[in-house]
Amino acid sequence: MNEPDRHTPDPSDPTRSERFREAAIAAELETGEREPTRQKAWRSSMLRMVRMGFGFSVVVLGVIMMPLPGPGMLVVAVGLAILARDAAWADRLLGKVRERLPSDADGKLPRSTIATMVLLAAAGIAASIWFTVGDINPLDVILFWRN
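The paragraphs below set out a description of the structure included in this document. In this text the structure is predicted, and so the values were computed from the model without any measurement.

What follows deals with the overall build of the protein. A count of helical and extended segments in the protein gives 6 helices and 0 strands. Mapped from its N terminus to its C terminus, the protein presents α and β elements in the order α-α-α-α-α-α. Counting over 147 residues, the protein shows a buried share of 21%. In the protein, the share of contacts with a sequence separation of at least 24, taken over all contacts with a separation of at least 6, comes to 33%. Only carbon and sulfur atoms are counted for the fraction: they give 62% of the accessible area of the protein, which is about 11500 Å².

Here you go:
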């Protein structure tokens, strides 16, 4: 009968954000670059989270670009390179992606391939902006070329 009410928070209990902050600092101090202060450890862990979020966004963008004209596989490789700094699995996957990219005898991507992918991506972006911003119907353009 004398049980404490489970719905009223105990003022001595840390909030969820405080527990998250402490866990991130503890993990960074254990696995990071041995930051001298807790504030630098917190900053480093937040930078790592932002970098990983950006890397995931670039990978997702690359996956979306794969069926579209543009350098989808190259964008995935860039995203994995960003993630590889913080995640070992991304480094292993980056090796597999590099094997699938066209390369010359040195293992580098030829400049002509890079130029072609960049030009195709730029053309696709320009066309989508042209059709979106302007009052141009893509079907009219296709039918104009048929006549």
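Turning to the nonpolar core, a few remarks are in order. Among the nonpolar cores identified, the biggest contains 9 residues, and these are Val59, Val76, Ala77, Leu80, Leu83, Ala87, Ala90, Leu94 and Val97. For this core, the secondary-structure elements that each account for two or more residues are helix H3 (72-84) and helix H4 (88-100). Looking at which element gives the most residues to this core, the answer is H3, with 4 residues. Ignoring anything within four residues of it in the chain, the contact list for Val76 reads Val59, Gly62, Val63, Met66 and Val97.

About the cut-offs
- Residues numbered from 1 in each chain as written.
- Predicted model: local features only at pLDDT ≥ 70, side-chain atom pairs only at ≥ 80, totals over all residues.
- Heavy atoms only, no water.
- Helix = DSSP H or I, 4+ residues; strand = E, 2+ residues; numbered from the N terminus.
- Buried < 20%, exposed > 50% of the residue type's maximum accessible area, 1.4 Å probe, protein only.
- Contact = heavy atoms within 4.5 Å.
- Areas by Shrake-Rupley, 256 points an atom, 1.4 Å probe, with all protein chains shown as cover.
- Core = buried A, V, L, I, M, F, W, Y, C linked by side-chain atoms within 4.5 Å.

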